[in-house]
Amino acid sequence: MQVSEVNDIKIYNLSHGKTIPEWLSDRKKRLLLKKDVDLRRRIQLIQDLEMPAVSHGIQVSGDGQYVIATGVYKPRVRCYDVNQLAMKFERCFDEEVVKFNVLSEDYTKLVFLFVDRYVELHSQFGRYYRIRIPHFGRDMTYNTSSCDLYFVGDSSQVYRLNLEVGSFLKPFDTTCISFNTCALNPHHNLFVCGSHEGMVEAFDPRSKSRVAVLDCGLNSVTTETSVEGMPSVTHIAFKDALHMAVGTATGQVLMYDIRANKPYFVKDHRYGLPIKDIEFIDGLDLIASMDSKIIKIWNRQTGEPYTAIQADSDFNDICIVPNTGMMFVANEAPKILSYYMPSIGPAPKWCAFLDRITEELEESTENTIYDDYKFVTQKELEELGLTQLMGTNLLRAYMHGFFLDIRLYHKAKASSNPFAYEEYRKKKIKEKMESERGDRVVVKSSLPKVNSELAQRLAEESQNKTSKSSKKSKPDLLSDDRFKDIFSNPDFEINEQSDEYKLLHPVVNKLSKPQTKSSEESKAKYIHNFEEIGSDEDMKGSSDSDSESEGESESESSDDNHNWTEEVKQNYRQMMRDGNRSEESTSRPANAKFYQLKADKTFANINDMNTNSARNASKASFEERLK
């Protein structure tokens, strides 16, 4: 089953999928079902709902229990019982069927109009009677109140066959050359027929005379429609006692109120193809009009499009099951198309399971639209090197990109990235190896990769907490999700060589040290730190005053704070000394030389030393200069 969405309306194509040939044996059919997944997943709504070559027409009986279809080749009719979801009978003919009608509420009374001017009446056992009309017929309709059968075709007269008497009655005379279609209003039995000249003539069966004429060909030409050729009337349909729809050969649908001689709305299909069928949807103000390429569903008052249906083959006939969202479409293909739209109506009683299936499909997010096409953006199109195809028939613009044939996409992808398969292969091999390694026993490290030393200190601290009771409970950083990035994100890794770390290093030392200390240990550590920085007089004085006050009055927590302050100051002085050394080393030239002074010489100034030595050397004797 294929799901498409046009104008946000979901349409389920129930006849989508492969078909098993009838001439295959049962064994081969079973083998195909085992091998092909698409064959197993297909939905066969009614068994053998198809024709050998082409289906021409399809209708549903009045009681809704039977679906009757005609097609070729050979010309035949098939009747399907919806209660059994299978074909009930099949009958073959000598000629092709132009039009057929269901005269009774079930399949027991049928009438067929053939291309060779013959009309056959069928009962439940088969052909009951055969008669020939004077001219070739194109359409027919039945009046249930008077048992009259009306025929229109290649003639200016409308022939009447009374089925109660079994003879022809006097035909209706018209002013047109030939007629293409006819219809009967079931509310007041007004008979209308559409001519090749674009005229619609109406007859009252009670007076047996013409009562009105409408010029639909002239009214179809408006500022919003494009008419090329003769706008002949091809189909007529009634919604109720007052509203009528007329389809033309140039692709227009005219909506009439029979009390007026001009249409109140004109809808153009924009294809220029003849309108083959028009159906009004029960319970909604919607109308379905069909030509050979598309079925358009739109609002009959405003013409606003509701949704549309397209297929690979041309359409021939449409039949909407009354009061449901199911429709059957006869087309130029063996398989008769079946569509279901939940937005229009529920599923018929004989296939109520469709509602459950469609609900499950709506819950899934799988997109099955356009299976043979790939949606690409303009950036992806440039990467594939297919920008020259923009504006051609190979690309179909849609929203912010284009639809591209899937075969052309694969060829362009292979040419633009020839090593894609090798990368895909390596990726799959890597995934398979990782899946195999997953069965092995993996030893997980208890410490994280980032800040493992800090995590170890925190773990030891938490163990000490559990062993010793503390008055104030502090949060555990390892188990708190607010600090998980410290041990997982490399950006939070602690650099012990940085200046910030050296300044805050006492904080880390404080975390690593036991939280409970004796007063003697705190005092000894304080004296040790005091001796290290004893050279600074101001610091010494403050340290002496602090040590005296702490020894007398402060508690254990104040000792820790004082030690932390002293360590911060000590680290800051050490950083300043390291900075001065680095500045001296960088300011010294790379080619500097050092000289050793003699024992009897003293260094005062390098300039004075050079001038005095030169003056003394000039006054000394030659012997002294040699010494």
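None of the values given here were measured: they were computed from a predicted structure.

1. Things to note about the environment of T141
Okay, so step 1: With respect to the element layout, T141 can be found in strand β11 (residues 137-143).
Okay, so step 2: Distance in space between the C-alpha atoms of T141 and T181 is 9.3 Å, their sequence separation being 40 residues.

2. Regarding the sheet that holds strand β2 (residues 9-13)
Okay, so step 1: Spatial strand order, β1-β2-β29-β28-β27: five strands in an open sheet with antiparallel pairing. Looking at which strands have only one partner, the edges of the open sheet turn out to be β1 (2-6) and β27 (315-320). The average undirected angle you get between the axes of adjacent strands in this sheet is 25 degrees.
Okay, so step 2: Bridge count between β2 and strand β29 (residues 337-340): two bridges; the pairing is antiparallel. When the bridges of β29 are listed, N13 appears paired with Y339.

3. Side note on the sheet that holds strand β19 (residues 233-238)
Okay, so step 1: Spatially, the four strands line up as an open sheet ordered β19-β20-β21-β22, and their pairing is antiparallel. Taken across any chain shown, the strands that pair with only one partner, and hence form the sheet edges, are β19 and β22 (265-268). Going from strand to strand, the sheet's axes swing by 20 degrees on average, the running direction of each strand aside.

4. A short note on the pairing of strand β20 (residues 243-248)
Remember that side chains alternate between the two faces of the sheet whenever the strand is regular.
Okay, so step 1: Most of β20 sits out of view: six of its six residues are buried.
Okay, so step 2: Residues of β20 alternate between two faces, with H243, A245 and G247 on one and M244, V246 and T248 on the opposite face, all of them buried.
Okay, so step 3: Two strands pair when backbone bridges link them, and β19 and β20 are joined in this way by five bridges, in the antiparallel orientation. What sits directly across from I236, in β20, is V246.
Okay, so step 4: The antiparallel pairing of β19 with β20 creates a hairpin that spans four residues between the two strands.

5. A word on the pattern of salt bridges
Okay, so step 1: With the rule as written, the count across this model stands at 14 salt bridges.
Okay, so step 2: One salt bridge connects E120 with R127, and the closest N-O pair in it is separated by 3.2 Å.
Okay, so step 3: We classify E120 as buried; its relative accessible area is 6%.
Okay, so step 4: One salt bridge in this structure joins R210 and E201, with 3.4 Å as the shortest N-O distance.
Okay, so step 5: With a relative accessible area of 38%, R210 lands in the partly exposed category.
Okay, so step 6: Ionic contacts of the salt-bridge type, sharing partners, join the residues D116, E120, R127 and R130 into one network.

6. Focus: the packing of aromatic side chains
Okay, so step 1: In this structure the tally under the stated criterion is 14 aromatic pairs.
Okay, so step 2: Three or more aromatic residues joined by ring pairs form one cluster here, namely F93, F100, F112 and F114.

7. So, a nonpolar patch on the surface
Okay, so step 1: Taken together, F125, Y128 and Y129 make up a surface patch of nonpolar side chains, about 430 Å² in accessible area.
Okay, so step 2: Looking at the element boundaries, F125 is found in the loop between β9 (118-123) and β10 (126-132).
Okay, so step 3: The class of F125 is exposed, set by a relative accessible area of 63%.

Definitions and limits used
- Residues numbered from 1 in each chain as written.
- Predicted model: local features only at pLDDT ≥ 70, side-chain atom pairs only at ≥ 80, totals over all residues.
- Heavy atoms only, no water.
- Helix = DSSP H or I, 4+ residues; strand = E, 2+ residues; numbered from the N terminus.
- Pairing = 2+ DSSP bridges.
- Axes fitted to C-alpha atoms, helices over the stretch in contact; angles between N-to-C directions.
- Buried < 20%, exposed > 50% of the residue type's maximum accessible area, 1.4 Å probe, protein only.
- Salt bridge = Lys/Arg side-chain N within 4 Å of Asp/Glu carboxyl O.
- Phe/Tyr/Trp six-rings, centres within 6.5 Å; stacked < 30°, edge-to-face > 60°.
- Patch = residues over 30% accessible without salt bridge, like charges linked within 9 Å, V, L, I, M, F, W, Y side chains within 5 Å.
- Areas by Shrake-Rupley, 256 points an atom, 1.4 Å probe, with all protein chains shown as cover.

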